[in-house]
Amino acid sequence: MAQPLARDVIEVLAVQNGVCIRPVPLRRIDTLTGANTVLNVPCGTTMEAKCPSCAKRNRQLRMAQCREGWHLDHEPVNTPDEPDDYQRYLVELRADAQAWRDQAEGAGTDTADLDAAIADLDAEINDAGMRGNVLGRPSPKRSRSTRRRQDAPDLPKRKMTPSTLGRTFTSSNGRTFRPSMFVTLTLPSYGRVNAGVPVDPSTYDYARAARDALHFSKLVDRFVQNLRRVAGFDVQYFAAVEPQKRLAPHLHMAIRGHMPRAEIRQIVAATYHQVWWPPTDVIRFEGDRLPVWSDEAGYLDPETGEVLPTWDEALDQLGQDNDAEPLHVVRFGDQVDVQGVLAGTTDADTCIQYLSKYLTKSIGDALDPDNLAQRAHAERFANALRFEPCSPTCPNWLRYGVQPKQAKAGMAPGRCKGKAHKPDHLGYAGRRVLVSRKWSNKTLTEHKHDRRTWVLEALGLPDEPTDPHRYTWRPVKPGDPDLEPIGVRLLRDIAERQRWRNHMNQLQAEADGQDFSATEGRAA
Ligand SMILES: [Zn+2]
Ligand SMILES: [Zn+2]
């Protein structure tokens, strides 16, 4: 009985060898030869769930990407690439998902799960190196009443130069220095904490903490806009959003180029984001008394039959009211840390390590499962998020008497499936890694290709240029006769990896041997 299951042993072995333990089988059809093969695509290149091997590899790739862009000394050229097979596959899958969603909607079934999957796919498609949105430009945003209200912060403004590079300076002995920055930004205090847990939970401002977390990514966007405005050049960044012990998101940002510390502090202090959403201070419907759906008019008051204002109507109302206040204003806290960093120093490496430290974890992973006080804190945080509208489409709007954007049958407050409400996310549903477009001139996919090319070169194998139209990809359903059991697939991948590693080691040994004899020769 003490013997571990064979499957567990295989998984341990796979992780030791850097092999994905949750590979996604995909059928690749060669349009030239008609051959079709089932291939294992590592889970880290598909959906959100990442196995330890893929998490580690993605972290290494992110570190390479971060290192490459930080002290770039030439302007990057952004040219869109041909979509590769995987990108093509994603776009096809996205089209299918849309069709399934529309079908479900036509049949009157709940589409929330499919909507969430589509949102994930869109993010994945962007991650895979495609710019923009699959459906083309999104419909023009309604903003006539909301954007005007986003006040411009009071900050100095430099004349914009088209450069993405920071200034350099040259020492008396002619050496050129290229300084960059590492900035850490936090949210304000919501009450005193001790080891991440509120000293007095009854006065800790959970409502504000929840709203700040929900709108944190907008605040980061504003910070970058303000940074660029003041810097006078097209500032590039690589940032990671990470959980603090108190479960609030905070931001580490590697910034290319250098600015005075006082200026950064001034920008942080002046940066805020106003959330122009309808007010939520009056709870109109709760418990069993909830709006009812009508196919003709949308949601109605259950007693009077009055049609609730739609999202657009509610925003119009807000826009016409000159005394209206934003639902929420989010700002950074006082704790701002700015470090100057020089290219190629150990400082730079430490910061890069730091930036990628939490990338494999979700915000909720900052939780220590044995810490009861912290668990209670997380629960109170999640409760504060339960009825907080996370987006214009959030069903929670019904609680405050507004029809959510794209309202449909079956919505109920407190039952939003959006990521932001989940304990794993604690209000922050945005990306964990934020990389500006002209950071390293490469997307993560391109960085992956770099590594592949390097390995192939080292092995003396040709990196065949493949015709991008040659392969099409299809999902493989469970029970497909071509699908081998997972254990067999893992063992095959492990064997392959070991074969490659041996070959690499051999090449390395040969190279070392040559170096050695060369040194010997010189010595003699
Ligand atoms: Zn994996
Ligand atoms: Zn929601």
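Note: the structure precedes this text.
Residues numbered from 1 in each chain as written. Chains lettered and ligands numbered in written order. Predicted model: local features only at pLDDT ≥ 70, side-chain atom pairs only at ≥ 80, totals over all residues. Heavy atoms only, no water.

Participant: Any chance you could explain the packing of aromatic side chains here in plain terms?
Facilitator: For any two aromatic rings, the description comes down to two numbers: the centre-to-centre distance and the angle of the planes. Applying the stated criterion to the full structure yields 12 aromatic pairs. When the centroid spacing of 6.3 Å and the interplanar angle of 85 degrees are considered together, the rings of phenylalanine 216 and phenylalanine 332 count as edge-to-face. Here phenylalanine 216 is found in helix 6 (residues 216-231), whereas its partner phenylalanine 332 is found in the loop between strand 13 (328-331) and strand 14 (336-342), with 116 residues between them in sequence. As far as burial versus exposure is concerned, phenylalanine 216 and phenylalanine 332 are alike and both buried. Connected via pairs of aromatic rings, a cluster forms that spans Phe216, Phe223, Phe332 and Tyr428. If you follow arginine 256 out to its NZ or CZ, it ends over the ring of tryptophan 439, 5.8 Å from the centre. (Phe/Tyr/Trp six-rings, centres within 6.5 Å; stacked < 30°, edge-to-face > 60°. Helix = DSSP H or I, 4+ residues; strand = E, 2+ residues; numbered from the N terminus. Buried < 20%, exposed > 50% of the residue type's maximum accessible area, 1.4 Å probe, protein only. Lys NZ or Arg CZ within 6 Å of the ring centre and 35° of its normal.)

Participant: Would you mind going over the sheet that holds strand 14 with me for this structure?
Facilitator: The strands that make up a sheet are held in pairs by hydrogen bonds between backbone atoms, and each pair lies either parallel or antiparallel. Here we have 5 strands laid out as an open sheet, ordered 14-5-9-8-15, and antiparallel in their pairing. Because the sheet does not close on itself, it has two edges, and the strands there are strand 14 and strand 15 (433-435). Geometrically, the sheet is characterised by an average inter-axis angle of 15 degrees between neighbouring strands, direction not taken into account. One ladder, built from 7 bridges, connects strand 5 (residues 179-185) with strand 14; its direction is antiparallel. Note that in strand 14 the partner of methionine 181 across the bridge is glycine 340. Those strands touched by helix 6 are strand 5, strand 8 (237-243), strand 9 (249-255) and strand 15, and its axis lies near 30 degrees from that of strand 9. (Pairing = 2+ DSSP bridges. Axes fitted to C-alpha atoms, helices over the stretch in contact; angles between N-to-C directions. Contact = heavy atoms within 4.5 Å.)

Participant: Looking at this model, I keep getting lost on the nonpolar core. Mind explaining?
Facilitator: Generally speaking, nonpolar side chains in soluble globular proteins are found buried as a group. The biggest cluster of nonpolar side chains holds 61 residues, and the ones touching the most others in it are Leu251, Met253 and Phe381. With 8 residues, helix 6 is the single largest residue contributor to this core. With near-sequence residues (within four places) excluded, leucine 251 lies in contact with Val183, Thr184, Leu185, Phe216, Val220, Ala239, Ala240, Val241 and Leu434. Core analysis: the next-biggest nonpolar cluster, separate from the first, contains 14 residues, Cys66, Val341, Val433 and Trp439 among them. (Core = buried A, V, L, I, M, F, W, Y, C linked by side-chain atoms within 4.5 Å.)

Participant: Any chance you could explain the pattern of salt bridges here in plain terms?
Facilitator: Side chains that differ in charge, positive against negative, can pair when their charged atoms come close. In the structure shown here, the tally under the stated rule is 13 salt bridges. Across the pair aspartate 234 and lysine 438 runs a salt bridge whose closest N-O atoms are separated by 3.0 Å. Of this pair, aspartate 234 sits in the loop between helix 6 and strand 8 while lysine 438 sits in the loop between strand 15 and helix 11 (444-458), and the two are 204 residues apart along the sequence. A salt bridge links glutamate 286 to arginine 399; the nearest nitrogen and oxygen atoms lie 3.8 Å apart. Residue glutamate 286 is found in the loop between strand 10 (272-275) and strand 11 (292-294), and its partner arginine 399 is found in the loop between helix 10 (372-386) and strand 15; the two are separated by 113 residues along the sequence. For arginine 399, a relative accessible area of 10% gives the class buried. A single salt-bridge network, built from bridges that share partners, covers Arg27, Asp480 and Asp482. (Salt bridge = Lys/Arg side-chain N within 4 Å of Asp/Glu carboxyl O.)

Participant: How should I be thinking about the side chain of aspartate 30 in this particular structure?
Facilitator: Tracing the backbone through its elements, the reader meets aspartate 30 in strand 1 (residues 24-30). A relative accessible area of 7% means that aspartate 30 is categorised as buried. A distance of 2.8 Å separates the side chain of aspartate 30 from the backbone nitrogen of leucine 32, its partner in a polar contact. A distance of 3.3 Å separates polar atoms of two side chains, one belonging to aspartate 30 and the other to threonine 33. (Polar contact = N/O pair within 3.5 Å; in protein donor to acceptor, adjacent residues only side chain to side chain.)

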